[in-house]
Each structure stands twice: as C-alpha cells, then as structure tokens.
Amino acid sequence: MNRLKQAFAELDRKHQKAFVPYIMAGDGGIETLKDKLKILEEMGATAIEIGVPFSDPVADGPTIQQAGIRALQNGTSLTKIIEELSIIRNSLSVPILLMTYLNPIYSYGIQRFVENIQIAGVDGCIIPDLPLEEEEIIVPMLNKANIQLIRLVTLTTPLERIKFISQKGEGFLYAVTIKGTTGVRNNFEQELSGFLKSVKEMSPIPVLAGFGISDEKQIKEISLHCDGVIVGSKIIECFQNGDIESLEKLVSTLKF
Amino acid sequence: MNKYTLPDEKGHFGIFGGRYVPETLMQAVLELEQAYFEAKKDPEFQSEIDRLLKEYVGRETPLYFAGNLTNFAGGAKIYLKREDLNHTGAHKINNAIGQGLLAVRMGKRKIVAETGAGQHGVATATVCALLNLDCIIFMGAEDIKRQALNVFRMELLGAKVVGVTEGSATLKDAVNEALRYWVANVDDTHYLLGSVMGPHPFPMLVRDFQSVIGKETKEQFYEREGSLPDAIVACIGGGSNSMGMFHPFIDNEKVKLYGVEAAGLGIETEYHAASLTKGRPGVLHGALMYLLQNEDGQIQEAHSISAGLDYPGVGPEHSYFKEIGRATYHSITDQEALESFKLLTKLEGIIPALESAHAVAYSIKLASKMKKTESIVVCLSGRGDKDVDTVRNIMGGGKR
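All of the points below concern the structure found in this document. Note that the coordinates shown come from a computational prediction; the quantities given were computed from them, not determined experimentally. (Residues numbered from 1 in each chain as written. Chains lettered and ligands numbered in written order. Predicted model: local features only at pLDDT ≥ 70, side-chain atom pairs only at ≥ 80, totals over all residues. Heavy atoms only, no water.)

### So, the overall build of chain A
- A count of helices and strands for chain A gives 12 helices and 9 strands.
- Reported as C-alpha extents along the three principal axes, the dimensions of chain A are approximately 40 × 40 × 35 Å.
- Counting every position in chain A, which comprises 256 residues, the buried fraction comes to 62%.
- Counting only contacts in chain A whose residues sit at least 6 apart along the sequence, the fraction spanning at least 24 positions is 73%.
- For chain A, the accessible area works out to roughly 10100 Å², and carbon and sulfur atoms hold 49% of it.
- Averaging the locations of the 26 positively and 32 negatively charged side chains of chain A gives two centres separated by 4 Å. (Helix = DSSP H or I, 4+ residues; strand = E, 2+ residues; numbered from the N terminus. Buried < 20%, exposed > 50% of the residue type's maximum accessible area, 1.4 Å probe, protein only. Contact = heavy atoms within 4.5 Å. Areas by Shrake-Rupley, 256 points an atom, 1.4 Å probe, with all protein chains shown as cover. Lys, Arg positive; Asp, Glu negative; His and termini not counted. Charge placed at Lys NZ, Arg CZ, Asp CG, Glu CD.)

Written as structure tokens, this is what we have:
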C-alpha cells in the first residue's frame, strides 16, 4: 500500500486532521534537505511537500519565488533533488510529495522522471500547471509506478468539474483556498467555508486546503471544513529565520 | 495535402500548444474558447471588427513595392506589407481590437496585458480607451527604461503601467506577473495576450485576428502580379505578425515562409532570442513550445536589441511549422538589424521598428539569391519612431 494512503488511514483511526508542510528543496543548500525533512517528520507532519525550484513559478507568490531563486543560485536542479532523495529516503518514513512545474519534468524526460522518483521513494506529485485536460502526458506512467498525482480544485472550478476531478483523484484532493498565488494572507474570502464544504461532500478522497494559510487560528478554522491543511510560505519563513519553536507550534496545531 | 485545420479541439498543434495553466485559470480559458467560437459565428461581431479595422485602424494597409531596396539587394522583387501604417504604429492593434470586443461581449470590463516593446501595451491601452475598459499593463523594468515614450503613451491613454523587476525584467517576466494578476482577478478581468502564445485558445485567436495581414497581402499581391508571392518574410518574437502573415498561405505550398528570429550578439553566444534555432521543446506560460532553457529545464533569459523580440519562447504553431518543415526559421543579429534599420530609412524613407528591421535584413539576403522575376513580401510589422532613441544612443557610441 502507498505510504500516503497509509498515512490517511492512520489519521482516520486517530480522528486527526492532516498537516502537510511545504519546503523548497535546495533553499539553504541541498545538504539541508535531510535535516529539514527529519525535523518535520519528528514534529508529526502527515506528509511533506518538497518544492522543485523553477525560473518562472506563475502559481507562486513572493516568498516561494524568493526561496526558488535562492535554491537555483545554490545550483539546485531536479536531477540533484532526485539523487539526494534516493540517498536519504531510507532514513525517513514520512510520505513525500514532489511539487514541481511541468517544464523541469519535461526537460528531464517524463518516463525517466517517473522511474527515478519511484526509485527515490516519492509517493506523490503535485504539478500546478498541469490541469486535467493535459494530464495524460504523465498519468499513465505515474499509475504504473503507483505514484499518486495530487489534483487541485479552486474557487473558480465549477461544481461538476470538482466532482469529476475528485473522482479521478488519488491520495488527497488539494483545495486551493484563494484566487491568487501562494503566500501569507490575513483574510480569506467569505465563500471559502462553503467551497470547502461542497468539495468535502463530493470528494471520495481526503480534502486538504492550501495557499495562504499561515497561523494556528487559520489552520484550526479552515481544517474544520476539510481533512487538513498544507502550509508553505510560513514554513519557509520559519526555516529561513531558524525559528524552530514557531515551526513546532504550527506543525502540532492539529494534534489534539 | 489536406486543408490545414489545426489546432485540434484540445488546442494542440501536433505535440505543441495545449493548456498548461493552473486550475484557477482553466474556467477562464474554457469560457474564452466558448465565447470566441460563438462570436466567430456572429456576423455582427465580425462586422464590428471590420468597421473598426477600416475606420479606426486605417486598414487595409498598403502593399508597397520597395524599388530602391529591390535594386540594392539585386535579386527578387521586395514588397513591404505596411503594418507600420496602422493606428498606434504596429500590427498589434489588429489583435487588441478583436480581443477588446470579445472581452466586452463576455461582460469583462477590466483588461490586463503584458508588453515588451510597448507596442502591444499601447495598442491595448488604446482599445481600452476606445471601449471604456479599465487597463493594467505589466512591463519589464528594463523595457520601461528602453521604451520610456511608450510608457508615457500608455499612461496618457489611461492605463496603469506596472514595472516588473523579477528575473531579466523583460517580456517573459511581464507575462509571469500578468498571469499572476489574472489568477487573482479572473472573475472580472480578461487577459489580452499580445502574441500567438499562452494557453489555448490564445494562439488560435490571436492568429485569427492577425490573419487580416496575410489575407490582404494575398489579394493585393494577386491584383498586382496576378499570382502568389514566392516567399514571405516576417520577424518572430512570440510570433504574432508572422503567424498573421503566414496563416492565409499555409495551404499554398509553393509560397515559402521564412521566420526571422533575433540572434542578438550572435547565436553562438548566450545573448540571443533565437528560440527555434537554439531552443528545444518545453512548457512555459501555458503552452508547449520551443524554449531557450538550460539542461535542467530552467528558462533562460533572451537578449535582443529590440524589446519586442526579447522572449525565450516562440508560439506553439511556429514550433509545429518548424517540426513539419512548412516554414523555415533563420536569425539576424543586432548589428545586422541596425544596419537594415538605417538602410531602409535612407533607401525608402521608411523608418522600421527594430523588430521589423530583422525581417528586412533577412529579405535582402534572401532576395539576392532569388531570380529577378521572383517576389518576396516582407511584413513590416511596425514603425521605428519608438526605437529612434535606442538607435541614437548606439550610433552616438552611447550605452553599448
């Protein structure tokens, strides 16, 4: 059984919500990846989303853009990330998701990418510029490798389409909480709770909310309407500032 | 050969094109496609475009036989399709009118656009003034410096111009920011994309709105010569003037199509914008197309003396033409473009945009290898007023 499915089954038994942190691979040097993953695993992350830096991240706001630039300046590439993961995977048991724009994969070679991330123990992929209409370019290969494609639904996705996407989905469904790019937000739109509720009603798989979620209050409020949250920009800031205490608080918000 | 009908229903030209956009934008691009297909069938929409192109833009534009340039090249006859004589000074207005009317039809009263040289920004701001739409334009900070006059023009027309400092601070980065803005404001905003790139249906609809160039050329040339031209030459950044020129000739296989990219300081250096000559297929800004990228799939910065060609990708349909060999793609350096800029000005009394000067430069090389009985039509996509400062700086031994 896929590690991701196992993790959700376990949460279900414990009646707990999921917490998935996002980090940018190579931010601070590729050699820091192992430690960051270890820290987050020990804090009890449900799964960890590892970002692959890309020169033109159109779905991302300033924090992740900057982290990506730092990582690229460090010489980080998809090749190095996969190599590093292959080396460190055995020391970790947490499910690992790779979040990457399509071009680095395309350039690496789609077939080769799937084969090598399977060897490196990656459990799922999030590809923000790959909508349903284009996913055939990679899905058959991912299926064969038992790697889940995490699909996204947003506030602009019509209900019928949400239903269709959620039924195709595997692992969990990523519900984007804002119309906009990633990054810390103070306020969410009124329609958010209704949106999450209707996604939750339709989806046969767990629904995790992400984009703009940054503090304990938001985490608690939003997770009332779904199965957990994904936090990115704030996690990057914590690591950037060496603020492990805040990090721990964030990750353990949903452990009760 | 069967009649050319691409893109397919998913917006693909062979492997190229498609809709590689975040889910937040999917609804908007699907709605746009739907609205465009409906508008296309509506005779009133088409006649409103035709009326504005005639009365407002000043179409049709002349097809001019450039006798002095022909003598200089010493070979085939060179004709210029005078898109520089359009209102706002370039072909960009053809597409801006079409998409502006489409936005109104869709009930979207806010427009976002990117611009490189500022020509598309000016065209968009103009159409927004005409149709009373809100307008925000993203432009690379580097381009804002190079094209200060166009920035002022856009502001006069009522647009808000936002400088983009990320990356190379040129067209690619302006597209990133325009896309991010669109993601955040998709409910009431139309993205008026300026070239034959981006997610489907943009490459198709920009091509269709620009095809007026090729259609007129075909008729005008036939009237004059009683035949079709032997060759068509046009410059390529994203590829809109060239696609507008090429597309009506696709099924006329005897007409050779030549696209001219910017070779910058030379294609053997790192400083060029020759995506088709030196790039390889990849995904950027919503489409699979030829891209300048490093071995890890990171997009590289493009370089050209002309801000309008300074883009590391080229539209998916051009990528497809390259693949099937229907068009061939060549490149012209900054230096060669500059010489043609001066040459055309002196020989014909026409100051071309630096972008168009690339096409002129290639047409001289091409003409000299063709027979005197043969003919070339060059798409003179824009006028050079905007570039006079740049050229003066270079000639005066200025910045470079």
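Past the structure itself, the notes keep going.
### Some words on the overall build of chain B
- Across its full length, chain B carries 16 helices and 15 strands.
- Here the C-alpha atoms of chain B give a radius of gyration of 19 Å, agreeing with the 21 Å that 2.2 N^0.38 yields for 400 residues.
- Overall, the C-alpha framework of chain B stretches about 55 × 50 × 45 Å when taken along its three principal axes.
- Among the 400 residues that make up chain B, the fraction classed as buried is 64%.
- Partitioning the intrachain contacts of chain B with sequence separation of at least 6 by distance along the chain shows that 73% fall at a separation of at least 24.
- Roughly 14400 Å² of accessible area belongs to chain B as shown, and the carbon and sulfur atoms make up 50% of that amount.
- Distance between charge centres in chain B, computed from 43 positive and 50 negative side chains, equals 4 Å. (Rg over C-alpha atoms; globule rule 2.2 N^0.38 Å.)

### Some points on the pairing of strand β15 (residues 375–380) of chain B
Residues and elements named next belong to chain B.
- In terms of residue burial, β15 counts as a mostly covered element, since 6 of its 6 residues are buried.
- Burial along β15 is two-sided: Ser-375, Val-377 and Cys-379 and Ile-376, Val-378 and Leu-380, pointing in opposite directions, are all buried.
- Pairing between strand β4 (residues 77–82) and β15: 6 bridges, direction parallel. Bridging across to β15, Lys-77 finds its partner in Ser-375.
- Relative to β15, strand β9 (residues 231–235) runs parallel, the two being bridged by 3 bridges. Each bridged residue has a counterpart across the sheet, and for Ile-232 the counterpart in β15 is Val-377. (Pairing = 2+ DSSP bridges.)

### Observations concerning the sheet that holds strand β10 (residues 256–264) of chain B
Residues and elements named next belong to chain B.
- With respect to topology, 6 strands assemble into an open sheet ordered β3-β4-β15-β9-β10-β14, the strand pairing being mixed. Both edges of this open sheet fall to β3 (63–65) and β14 (327–333), since each of them pairs with a single strand only. Direction aside, the axes of adjacent strands within the sheet are offset by 25° on average.
- Here β9 pairs with β10 via 5 bridges, running parallel. For Val-233, the partnering residue across the bridge sits in β10 and is Tyr-258.
- Its contacts with the sheet put helix α10 (residues 212–225) on β3, β4 and β15, and the angle it makes with β4 is roughly 135°.
- The sheet strands contacting helix α14 (residues 334–348) are β3, β4, β10, β14 and β15, and the helix crosses β14 at an angle near 90°. (Axes fitted to C-alpha atoms, helices over the stretch in contact; angles between N-to-C directions.)

### Description of the nonpolar core
- Leu-37, Leu-85, Leu-98 and Phe-113 of chain A together with Trp-182 of chain B are the most contacted members of the largest nonpolar core, which totals 188 residues.
- Ranked by the residues each element gives to this core, the list is headed by helix α1 (residues 23–41) of chain B, at 8 residues.
- Aside from chain neighbours lying at most four places away, what touches Leu-85 of chain A is Leu-33, Leu-37, Ile-50, Ile-96, Leu-98, Ala-120 and Val-122 of chain A.
- With 37 residues, the next largest nonpolar core counts Leu-69, Ile-78, Val-260 and Ala-262 of chain B among its residues. (Core = buried A, V, L, I, M, F, W, Y, C linked by side-chain atoms within 4.5 Å.)

### Considering α14 of chain B
All names here are of chain B.
- With 15 residues, α14 should reach 21 Å at 1.5 Å per residue; the first-to-last C-alpha distance of 21 Å fits that figure.
- Buried within α14 we find Asp-334, Ala-337, Leu-338, Ser-340, Phe-341, Leu-344 and Glu-348. Along the long axis of α14, the arc covered by the buried residues comes to 165°, so they all point the same way.
- Immediately beyond the C-terminal end of α14, within one or two residues, lies Gly-349, with a positive phi of roughly 70°. (Expected span 1.5 Å × (residues − 1). Arc of directions from axis to C-beta.)

### Considerations on the packing of helix α2 (residues 43–57) of chain B against helix α4 (residues 92–105) of chain B
All names here are of chain B.
- The N-to-C vectors of α2 and α4 enclose an angle of 140°; their axes lie 10 Å apart at closest approach. When the interaxial angle is binned, α2 and α4 end up oblique. Remark: the crossing between α2 and α4 carries right-handed chirality. Mapping the contact onto sequence places Phe-45, Glu-48, Ile-49, Leu-52, Leu-53, Tyr-56 and Val-57 in α2 and Ile-93, Asn-94, Ile-97, Gly-98, Leu-101, Leu-102 and Arg-105 in α4.
- Residue composition of the contact of α2 with α4, grouped by class: 10 nonpolar, 2 polar and 2 charged. (Parallel < 35°, antiparallel > 145°, perpendicular 65-115°, else oblique. Left-handed = near helix turned anticlockwise from the far one by under 90°. Nonpolar A, V, L, I, M, F, W, Y, C, P; charged D, E, K, R; others polar.)

### Observations regarding the environment of Glu-114 of chain B
Residue and element names in this part refer to chain B.
- Mapping Glu-114 onto the fold places it in strand β5 (residues 110–115).
- In the structure, Glu-114 is positioned 78 residues away from Leu-192 in sequence and 8.0 Å away in space, judged by C-alpha atoms.
- Sequence-distant contacts of Glu-114, that is, excluding residues within four places in its chain, are made with His-120, Phe-138, Leu-171, Ala-174, Val-175, Ala-178, Tyr-191, Leu-192, Leu-193 and Gly-194.
- A polar side-chain atom of Glu-114 sits 2.7 Å from a polar atom in the side chain of Tyr-191.
- For Glu-114, the side chain forms a polar contact with the main-chain nitrogen of Gly-194, separated by 3.1 Å. (Polar contact = N/O pair within 3.5 Å; in protein donor to acceptor, adjacent residues only side chain to side chain.)

### Focus on the interface of chain B and chain A
- Each side of the interface is counted separately: chain B has 38 residues, and chain A has 35 residues.
- Regarding the contact of chain B and chain A, the summed buried area is about 2900 Å², with carbon and sulfur atoms giving 50% of it.
- Viewed at the interface, chain A and chain B are joined by 3 salt bridges.
- Our enumeration of links across chain B and chain A arrives at 21 residue pairs in polar contact (both at pLDDT 80 or more).
- Elements with a minimum of two residues in the side of chain B that touches chain A: β2 (16–20), α1, α8 (171–184), β11 (280–284) and β12 (286–291) of chain B. (Buried area = accessible area lost by both parts, 1.4 Å probe. Salt bridge = Lys/Arg side-chain N within 4 Å of Asp/Glu carboxyl O.)

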